[in-house]
Structure formats: structure tokens, C-alpha cells
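Next come the chains, spelled out residue by residue.
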Amino acid sequence: MFYAKLAFQNIRKNKQAFLPFLLSMIFLTALNTLMLMVANDPGLAKLQGAEAITQLFGFGSVIVLIFSVVFATYTETILNKQRKNELGLYNVLGMGKRELYKLTFFEKVINLVITIVLGVTSGVIFSRLAYLIIKKLMGIGSEFKFTLNTSILMLTILFIAGVYAWLYLINAFNIFKSDPIELLHADQKGEKEPKAKWFLALVGLVTLAWGYWIALTIKSPVSAVTNFFIAVLLVIIGTYLIFTAGSIVVLKLLRKNENYYYNVKHFIPVSGMIYRMKQNSVGLASICVLSTMVLVTVSTTAGLFFGANDQVQQAFPRDIMISSEKPLTKLEQVAKNYATKEDVKLSDMQYIRTSQSLLFTKKANDFKAADRMKYSVSNVDKAANVVLISLSEYNTLTKDNLTLTKPNDIFMYTTTQNYPEKTMILNGYKYQIKQQVNKLKDTGLLNASPVDSYIVVMKDQKQIEGLLKELYKTKETAAYLAPAYQLNFNIELKDQAKRKAFIRGLSKEFAKTADKQWYSFQDKDSYRESVKRFDGGFFFLGIILGIAFLLATTLIIYYKQVSEGMDDRKRFVILQKVGMDEAEVKRVIHSQIMMVFIFPLAFAMLHVAFAFPLIKKMLVLFGITNWQLFLVVTLVVALIFSILYYVVYQLTARVYYRLVER
């Protein structure tokens, strides 16, 4: 009982050290409880697209578990550093390492009990709130409801107990390798001035520039995904090298600038930062990386969520879209008859015949036919989709009256921002682009695609068939010779229940009539529901991870300020004794803290700015092509984060000042 009482007193008297640690562990416990309960909810399996949604939340829960272990380890390291003097004093007063093992064991047990009671309780409470938020974001009904899963609670408790066991092992190892005298005088140990490591600073600059270059030069969304993690890794390495080596180089250059350095506002912050940048820099780099993760995670998931309507409209310009390799005239009549029977009006009906979507490898205006089944991902930057349509089909579809007199004349519609060429060469056959048209955007012929897409209007169907026979001469590619038929129309019904019932009935009528004909039946309403559920779940996951990373950022800043304040206290006492007044101390503290705070935030904003083109291309894979909306979302997220960051700055500046002035 002696060690238990002593451990309890230590925790109570060292609130400044233990309270942030306990709060972080309680938060991590609540977060894991919430994520595991959501990921393992039986209602998820009943939803449309359940597999993708379950995998999404399962992936999120794994990330939170890994984050919890890493961050708990970090906070334990900081806590041990702050308690070196205390443990050294116990050692000098007669406690051996065996007794310290017992003392820290009881401390961990007390912390574990507090963490589990408060963490699991708050986790259950916030889970109820999270269920309401998820149902709102994903548009889920009564099949997804909160249930208290005791097995999940036990799993969370076992996980947190395992994390505490890991932290105790770290603590025990530190005690094992410690020396009592070194522990007692740890805060009095002098620091050598770090050397300016020009080579590492240069490597960091090159690595960071390389990551930025990848982000700026990616051409296709598919290659953006494959290169995203390479760019992220390079930026993280470059960030740590610039903060650890580059910062010292910059500070020493500032010290050489006499006009800047020999100033009361700059002299003390620069000289102090030089001596402690070796230990400071890793924390600052971590703050920068975590801030970037918050901004990228939340802005990307928010961009998906708020761009859902554009995503749906891009994929479905009409309510119903039916496609087949055989004529759809029978199904068209079935749709009209069933609509008349149900007293429902169909509008904007389109019946289109085109070629299939053909894959080409493109270089400038030269297009080479390729087989989708054998296409290499390495060539995706050069890929292009091409759809061929006859002039008569085009005029019927758009109600234009365009003409083509020469066999090699074509009209073109493209999803690319600009096609500057006047000609188009398809496997050696050269065509003159008479005009670029823009009335095919809402036909559904080209859905959101990760590669450049083109619709080519040719003189007649005979010319199209002749070109296809020249492009695809082998048995393996004969399937591309078949035409593609598409039937699209809108349903004039406002009531959602009636719309769903009509669409289900229409689908059954088609199934009766189509016999053995293959066809694809898709409706906008079902797609909108699936998009809302996926994007809503993704946005919720982004919010959770953003909060977790924000907490980590806040606690790193807090621990850093407390550590800095304790280290700087004696130095500022000496400065006040030699003539510096309280106002000057405040100015110096403000200058030093601003230097510490501005750099990580500025670098994080710079990282996000360079990552924007890369993320913009990745979002095309999800059907988000409205980059202006994504830009607005990113700016709003950056503004909100900057405000929260400033609040943290104000709070930690006060803690730092109180420690220095004590």
C-alpha cells in the first residue's frame, strides 16, 4: 500500500506533468471505443454498398489504433523527461531501481483505471452522438442504430491495458539504464552548440523540392495515386531535415547579420534557439507534419462530401441510363408503355448509337489503338478514351444541322481543358478537325474519367465501321467492333418513395422483355444514395482523424512549451538580474514563441499549396472535377485550422510565461 499511496500523491502533486498525459490517454480510449463500435456495427452490413463502407470504417479504426500506440509512446517519453529530477531524488534518498519499478507500476495502474473509467464512459457517450452525425452525413435510416456492444468495450479495455503495459516497459527500461546523479542534475547539464550541417540542409531542400516537383508534374489521376505516397515520404523527410539541419544553418546566418542579431528583440531568441534547436527541431517538424495531415485529411474528405452533387451529375446527366451492345428499341417502348400505365411522365429521352469507348495511347495529336486488357499502368499518363459517333446521330442528339463534306473532316468534343492541335491521327489515319463542339457534355457518353476523353464526330456510320475494322484486326480485339447503344431519360416524379417504386417496377419490366439480351440498367437515385453514404462516411472519418491529429499537434506544442519554459526559467532570471525589465522579458518571450509557432504553420500551408494539384487529380477518380469547390473547401479548412492554431498559441504562451516568471 505504501507504493500505491506514494504513486497517488505523485500524480496529484505533479498535475502539470500528468494531467496532459491522462487527458490524451482518455481521449485515445474514447476515440478507439467510438471507432471500433462504428466499424463493427451489425447495421453496416445491411446497407447498400456495405462491403466498401465496412472496409472504410475498418481501415479508419486500424489507423486510430496505430496512431494511439505511436502518440502514447511519444507522451510517455515527454513525461519521463520531465520527471528525471524526481526519480533521481527518490534514488538518492534510498529507493533502489526495484522500488522505482514498483512505484511506477502503481502509477501506471492508477492512470490505467482513470483512463478506462473516463475514456470508455466518454467513448460510449460520444458514440451515441457519432451515430447521429453518421446517419445525417450518410443518409442512413433505422437499420443503423446505437447498441452497446460489450465485446467491443472489452476489446478496447484490453487494447488500452496493452498500451499501458508497453508504456511501463519503456519506463522500466529508462530506470534500468539510468544513473541517479545524472537524473538528479539532468536539467543542469550543459548543451554544446550544434554545428551547421550544410550538407543535410541541402539534402532536405532537394528532397522537399523533389516531392513538390512530383506533385506539380503529375498528369493523370491514376499516376497521382501511385506517386502520392512517394511525394508524401519525400516531403516528410525534407521537412525533418530542413527543421533539424536547415534551421540551425538559418539561425547561424541570422547571427552573422549584425544589424539583425544585435537587437534586444532578436538577440536572446536567436541565441537560445541555436542552443536548443537540436531537441526543438524534431518537435517543430512533427507539428508541421501533423498540421499538414490535418489540413489534407479534412479538406480532401470535405471536398468529397460537398462535391457529391457534382459527382452525381457528372456520372448521371439523366435519371435513367441503359446501355447495351444491341439495339434498345424494345426497351425504349417498354419504358414508354410502363410510364403510361403508371401515369408517370418521361422527359429528355435520348437514344444514341456510338462506338464503344476505345482506349488509345496519345502523344500530341498521334493516337495509337491499345487493348484495355493488356494495358500497362505505367502508360496511363499517355492514355486517352475515344468514342466515335456519326454526324446524323450527333445532329439528332444535339438538334444541330452541321455538315461534313470531306471524308477526313471531323468534329471533336473533349474533356480536356485545351486541345491545341488542328488534326487528329488515329493509327496513321489523319483527320482534320473542322470544329470543336461543346453540346455533348450532358449526354453521358463520357463519364468522369481519370484520363483525357474525346468524342469524334465522323461523316457516317460506314466510315466508323471501316475505321474500326482497320484498328482491330485480331480475334482478341474483335469485341471492340460491336456498337454501343444508350437510352437515357428523366422521370418527372418528385416524391422519393414513388420514384423508387417506379424505378424498381421499370427494372422488372425490362428484365421480362430483354430475354437474353445483355444490358446495363443504372439509375441516378441509387447512385446518389451510394455516393452520399461513401462520401459521408469518408468525411466522418476525416473529421475523426483530423481531431486526433489536431490533439497530437496541441499536446506536442504544450509539452514543448512546458519543457522550454522550465529550461528557460533560470536563464531569464539571470537576464532580469542584469537589468532586463518585465516588459522586455515579455517582448523576448513573444518573439521566441512566434518564431516557434509561425514556421510549422507556414511550412504546413506551403505543403498543402503544393499538394493541391496532386489531390485535385486524385479526386477525379471519385468523379470530382469541380476544382474551384475543392479550393474553397481547402481555404475554409485552412482558415479554421489557423484560428485553432492561434488559440493554442495563446494558451501555451501563457503557460510558458508563467513558468519563466515563476
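Our structure is the block above this text.
The structure contained in this document is the topic of the report that follows. (Residues numbered from 1 in each chain as written. Predicted model: local features only at pLDDT ≥ 70, side-chain atom pairs only at ≥ 80, totals over all residues. Heavy atoms only, no water.)

### Comments concerning the overall build of the protein
And then number 1: Looking only at helices and strands, the protein features 19 helices and 11 strands.
And then number 2: Across the 662 residues that make up the protein, the buried fraction comes to 50%.
And then number 3: When contacts within the protein are restricted to residue pairs at least 6 apart in sequence, those whose partners lie at least 24 apart make up 83%.
And then number 4: For the protein, the computed accessible surface area is about 33100 Å², with 62% contributed by carbon and sulfur atoms. (Helix = DSSP H or I, 4+ residues; strand = E, 2+ residues; numbered from the N terminus. Buried < 20%, exposed > 50% of the residue type's maximum accessible area, 1.4 Å probe, protein only. Contact = heavy atoms within 4.5 Å. Areas by Shrake-Rupley, 256 points an atom, 1.4 Å probe, with all protein chains shown as cover.)

### Here's the deal with the packing of aromatic side chains
And then number 1: On inspection of all chains with the given rule, the structure shows 16 aromatic pairs.
And then number 2: A ring pair is formed by Tyr-338 and Phe-502, whose centres lie 5.2 Å apart and whose planes are at 35°; its orientation type is tilted. Taken together, the residues span a long stretch of sequence, with Tyr-338 in helix 13 (residues 329-341) and Phe-502 in helix 16 (residues 496-513) at a distance of 164 residues.
And then number 3: Using a relative accessible area of 4% as the deciding quantity, one classes Phe-502 as buried. (Phe/Tyr/Trp six-rings, centres within 6.5 Å; stacked < 30°, edge-to-face > 60°.)

### Some points on the pattern of salt bridges
And then number 1: Counted according to the given criterion, the structure contains seven salt bridges.
And then number 2: The salt bridge partner of Glu-470 is Lys-473, with a shortest N-O separation of 3.4 Å.
And then number 3: A salt bridge links Arg-499 to Asp-525; the nearest nitrogen and oxygen atoms lie 2.9 Å apart. Highlighted residues: Arg-499 in helix 16 and Asp-525 in helix 17 (residues 524-577), separated in sequence by 26 residues. Judged on exposure class, the residue Arg-499 and its partner Asp-525 are both buried.
And then number 4: Linked by salt bridges that have partners in common, Asp-319, Arg-499 and Asp-525 make up one network. (Salt bridge = Lys/Arg side-chain N within 4 Å of Asp/Glu carboxyl O.)

### Regarding unusual backbone geometry
For residues other than glycine, phi is negative in most cases, and the peptide bonds are mostly trans.
And then number 1: Within the chain, Asp-343 stands out as a residue other than glycine whose phi angle is a positive 60°.
And then number 2: Looking at where Asp-343 falls in the secondary structure, it is placed in the loop between helix 13 and strand 2 (346-355).
And then number 3: Classification of Asp-343 as exposed rests on a relative accessible area of 73%.
And then number 4: Of note, the phi angle at Asp-348 is positive, near 50°, even though the residue is not glycine.
And then number 5: Tracing the sequence through the fold places Asp-348 in strand 2.
And then number 6: Judged by relative accessible area, Asp-348 falls into the partly exposed class, the value being 47%.

### Section: the pairing of strand 9 (residues 452-458)
And then number 1: Within strand 9, six of the seven residues are buried, which leaves it mostly tucked inside the rest of the structure.
And then number 2: Sheet analysis places strand 5 (residues 383-390) next to strand 9, joined by seven bridges and oriented parallel. Note that in strand 9 the partner of Ala-384 across the bridge is Asp-452.
And then number 3: Sheet analysis places strand 6 (residues 409-414) next to strand 9, joined by four bridges and oriented antiparallel. Looking across to strand 9, one finds that Thr-414 is bridged to Tyr-454. (Pairing = 2+ DSSP bridges.)

### Details of helix 16
And then number 1: The end-to-end C-alpha distance of helix 16, which contains 18 residues, comes to 26 Å, matching closely the 26 Å that a straight helix rising 1.5 Å per residue would cover.
And then number 2: Within helix 16 the residues assigned to the buried category are Arg-499, Phe-502, Ile-503, Gly-505, Leu-506 and Phe-510.
And then number 3: The residue sitting at the N-terminus of helix 16 and contributing the capping side-chain oxygen is Asp-495; that oxygen lies 3.1 Å from the backbone nitrogen of Ala-497. (Expected span 1.5 Å × (residues − 1). Polar contact = N/O pair within 3.5 Å; in protein donor to acceptor, adjacent residues only side chain to side chain.)

Keep in mind these values describe shape, not function.
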